[in-house]
Amino acid sequence: VRGSQSNFPTGTVTFYVCGPHSSSCTSEANQVGSTMSLSGTSNPDTVTSASFTPTSPGTWCFAAVYSGDSNYIGSSDTSADECFVATPVPLKLVTTSLKSGTRGVMYSDTLSASGGTKPYKWSIVSGTKPPGLTLTSGGVLKGVPAPAGHYTFTVKVTDSSNPTKHATRQFTVTIKNQS
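Residues numbered from 1 in each chain as written. Predicted model: local features only at pLDDT ≥ 70, side-chain atom pairs only at ≥ 80, totals over all residues. Heavy atoms only, no water.

Enquirer: Got a minute to help me understand the packing of aromatic side chains in this structure?
Expert: A complete count under the given rule lists 3 aromatic pairs for this structure. Arranged with centres 5.2 Å apart and planes meeting at 55 degrees, the rings of F52 and W60 form a pair that is tilted. Accessibility expressed as a relative area gives 6% for W60, which makes it buried. Pairing F62 with F84 gives two aromatic rings, centres 5.9 Å apart and planes at 25 degrees, and the pair type is stacked. Here F62, found in strand β3 (residues 58-66), pairs with F84, found in strand β5 (residues 83-86); they are 22 residues apart in sequence, far enough to count as distant. Taking relative accessible area as the criterion, F84 reaches 29% and is therefore assigned partly exposed. Three or more aromatic residues joined by ring pairs make a cluster, and in this case those are F52, W60, F62 and F84. Positioned above the aromatic ring of Y107 is the side chain of K99, whose terminal nitrogen or guanidinium carbon lies 5.7 Å from the ring centre. (Phe/Tyr/Trp six-rings, centres within 6.5 Å; stacked < 30°, edge-to-face > 60°. Buried < 20%, exposed > 50% of the residue type's maximum accessible area, 1.4 Å probe, protein only. Helix = DSSP H or I, 4+ residues; strand = E, 2+ residues; numbered from the N terminus. Lys NZ or Arg CZ within 6 Å of the ring centre and 35° of its normal.)

Rendered as structure tokens:
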């Protein structure tokens, strides 16, 4: 906000965000941070919005609303110049290996992924998992394995985007006999 040499602007500025599918931000529904006060001691005077992290891919837009004061009328900037595009982070299966287990002893190992859109859904798409173990849709391989052996299978993680994305990885789990 810029004022004359003798009248430095005071008042407040409130920032808002609209998205993820916006072309401008005219709504004051989603405030970013707290309302900021202009100091009235410099010309121009500036304030900065709190940081904002998009919650999903798409076009996000900001608005800044100035309250005005006795010398300056209120104003707002809701133009498309205040927009940016958040691109999706690719889905990646992060887990690179699964631990070994022992025949007849409870086994549990959790798979993890990053990127894409949560929640994720997990499944085994090929190969043979150790008998007695199941893979939950939440990515936990668990159960009581039997018999001993080496088991190779491919796991697929699917995200919740539209269209969905997926990643796969092959794992080998060794089940040993009890000592």
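Enquirer: In this structure, what is going on with the layout of surface pockets? I would like to understand it.
Expert: Regions of empty space are outlined by a rolling probe, equal in size to a water molecule, passed over the atoms. Looking at the largest pocket, its volume works out to about 200 Å³. Along its surface, the largest pocket is lined by 13 residues, and T55, S56, P57, V89 and G116 are the ones closest to its centre. (1 Å grid on protein atoms, 1.4 Å probe; cavity = no way out; pocket = protein on both sides within 12 Å on 5 of 7 lines; lining within 4 Å. Points joined across faces, edges and corners; volume = space filled by probe spheres on them.)

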